Amino acid sequence: MCGILGIFDVAPGTTQSALRAKLIECARRMRHRGPDWSGYQLISQGKDKQELGAGQHASSESLQRLCIAEHGIRGAAKHAIAHERLAIIDPESGAQPLFAAECKQAGIEEGSIIVAANGEIYNYKELYELLKREGVPYEPNTGSDCEVLIPLYVKFGLEKACSLLRGMFSFIIYDQRTGFYGAARDHIGITSLYLGRGSDGSVWIASEMKSLARDCPDVEQFKPGHCWRSDTQQYALWYAPTWRSGVLPSTPCDFTKLREAFVKAVERRMMSDVPWGVLLSGGLDSSLVASVAQRTLTRKAKGEGASSWMSKLHSFSVGLKGSPDLEAAQKAADHIGTQHHPYTFTLQEGLDAVAEVVHHLETYDVTTIRAATPMFLMSRKIKAMGVKMVLSGVP
């Protein structure tokens, strides 16, 4: 997963060099999330050091002044956005923060909106088609699945845009036309996100607490299924399923539809431009995920073609020597037909890793740490093989 950081409404008079140094310092604390590239962007206080009000739009010349160039080190700055990237989709041109492409039909000027996102938008291609039908023929600057957030925000607004997304995500968005900024977190909080307040009144948003804790006396978990708006300084609910109202479902279970939905969900998550695999414990959920992924990959290899490194699905398992999970995983792998990689660890290796696991997860919850420690050790070995993304069952 990538790491995102936004620092907004810093104290008046903060210099570009000071804010940039702080941005890099804080983003560096979660660089483990995004080892592939680091992107930083500062935004000035605008013409005459006044931010544009609601309903006011900057000219194209003003936009260039608002968005500070990479080499700028003098003058005042008001906001800053950082992105630590793990490249999964479009590794060549999808570096972030992302800047809007020009789309005259929607009134979008080049560079007028900035986005930094973590996660994946599985239905981004369908959303571009929806935008075209709605009169927004946006042509993205990159192949990143997250760039679709820009025209969606312009067309539908922040809350409605979020409700159209399928995926796991958290993102920060800044509108240079109006000075509005906001953030959002996915439906149930798969991706981590935190909101903090600096002692100077600044607003901080980050993927991990460690990027905020030293500068924000007040830090909270960002609410899942919500967005946060600068114009109200409050959360707004965008995910409101019927079960939240307490209404129990009455439609009988249709196992055919359930199967179709499950298969489609797995296929959506196979979206990757880099080597990937599956975690396999031999249990029901991970075995089903691996089975669907293997069949889908085989079908694509025969029909659409597949790259050489994905000609066969690789599966991974971990456990203590003699663990029943390792035996079950091997049986499942043999049946499904994956190229299986079982890993073992010792109790001492697990104990040695606990401190680092706590550091990364930012929790002392015993159950979480106990489950995450072998996963952490296995992930390091998977990474060493050049695999950057895995599918898994229910943790």
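A brief structural summary. (Residues numbered from 1 in each chain as written. Predicted model: local features only at pLDDT ≥ 70, side-chain atom pairs only at ≥ 80, totals over all residues. Heavy atoms only, no water.)

**With respect to the packing of helix 9 (residues 347–361) against helix 10 (residues 366–384)**
- Two elements in contact, helix 9 and helix 10, have axes whose closest approach is 9 Å; the angle formed by their N-to-C orientations is 105°. If you check the angle between helix 9 and helix 10, you find them roughly perpendicular. Contact with helix 9, carried on its side by Glu349, Gly350, Ala353, Val354, Glu356, Val357, Val358, His360 and Leu361, involves Thr368, Ile369, Ala372, Thr373, Phe376 and Leu377 of helix 10 and no other residues of that element.
- Per-class residue counts for the contact of helix 9 with helix 10 are nine nonpolar, four polar and two charged. (Axes fitted to C-alpha atoms, helices over the stretch in contact; angles between N-to-C directions. Helix = DSSP H or I, 4+ residues; strand = E, 2+ residues; numbered from the N terminus. Parallel < 35°, antiparallel > 145°, perpendicular 65-115°, else oblique. Contact = heavy atoms within 4.5 Å. Nonpolar A, V, L, I, M, F, W, Y, C, P; charged D, E, K, R; others polar.)

**A short note on the packing of aromatic side chains**
- Within the structure shown, the criterion is met by 12 aromatic pairs.
- Measuring from centroid to centroid gives 6.5 Å for phenylalanine 8 and tyrosine 174, while their planes differ by 25°, and the two rings are stacked. In this pair, phenylalanine 8 sits in strand 1 (residues 3–8) while tyrosine 174 sits in strand 6 (residues 167–175), placing the two residues 166 residues apart along the sequence. Here phenylalanine 8 matches tyrosine 174 in class, with each residue buried. (Phe/Tyr/Trp six-rings, centres within 6.5 Å; stacked < 30°, edge-to-face > 60°. Buried < 20%, exposed > 50% of the residue type's maximum accessible area, 1.4 Å probe, protein only.)

**Remarks on the pattern of salt bridges**
- Within the structure shown, the criterion is met by 15 salt bridges.
- The partner of glutamate 84 in a salt bridge is arginine 31, and the shortest N-O contact between them spans 3.3 Å. Here glutamate 84, found in strand 3 (residues 79–85), pairs with arginine 31, found in the loop between helix 1 (16–28) and strand 2 (37–43); they are 53 residues apart in sequence, far enough to count as distant.
- Residue arginine 31 is classed as partly exposed on the basis of its relative accessible area of 29%. (Salt bridge = Lys/Arg side-chain N within 4 Å of Asp/Glu carboxyl O.)

**Points about unusual backbone geometry**
- Here glutamine 96 and proline 97 are connected by a cis peptide whose omega angle stands at 5°.
- In this fold, proline 97 is placed in the loop between strand 3 and strand 4 (98–99).
- Here aspartate 90, not a glycine, exhibits a phi torsion of approximately 50°, which is positive.
- Topologically, aspartate 90 is positioned in the loop between strand 3 and strand 4.
- Residue aspartate 90 is classed as buried on the basis of its relative accessible area of 12%.
- Phi is positive for glutamine 233, close to 60°, though the residue is something other than glycine.
- If you trace the backbone, glutamine 233 turns up in the loop between strand 11 (226–229) and strand 12 (234–237).

**Some thoughts on the side chain of aspartate 186**
- Residue placement: aspartate 186 occurs in the loop between strand 7 (180–185) and strand 8 (194–197).
- For the buried residue aspartate 186, which engages in no salt bridge, the nearest side chain bearing the opposite charge is arginine 185, 5.4 Å off.
- Reaching out from aspartate 186, the side chain makes a polar contact with the backbone nitrogen of isoleucine 190 at a distance of 2.7 Å.
- Residue contacts for aspartate 186: discarding those within four places in its chain leaves Gly167, Met168, Phe169, Thr191, Pro224, Gly225 and Trp238. (Lys, Arg positive; Asp, Glu negative; His and termini not counted. Polar contact = N/O pair within 3.5 Å; in protein donor to acceptor, adjacent residues only side chain to side chain.)

**Examining helix 1**
- Between its first and last C-alpha atoms helix 1 spans 18 Å; for 13 residues at 1.5 Å apiece the expected length is 18 Å, and the two agree.
- Listing the buried residues of helix 1 in full gives Gln16, Leu19, Arg20, Leu23, Cys26 and Ala27. End-on view of helix 1: buried residues confined to an arc of 135°, all on one side of the axis.
- Residues of helix 1 that are buried sit in contact with strand 1, strand 2, strand 3 and strand 9 (203–206). (Expected span 1.5 Å × (residues − 1). Arc of directions from axis to C-beta.)

**Some thoughts on the sheet that holds strand 6**
- With antiparallel pairing, the six strands of this open sheet are ordered in space as 4-5-6-7-11-12. Since the sheet does not close on itself, it has two edges, and those belong to strand 4 and strand 12, each with one partner.
- Direction of pairing for strand 11 relative to strand 12: antiparallel, over a ladder of four bridges. Looking across to strand 12, one finds that histidine 226 is bridged to leucine 237.
- Lying over the sheet, helix 4 (residues 149–156) contacts strand 4, strand 5 (113–121), strand 6 and strand 7, oriented at roughly 115° with respect to strand 5. (Pairing = 2+ DSSP bridges.)

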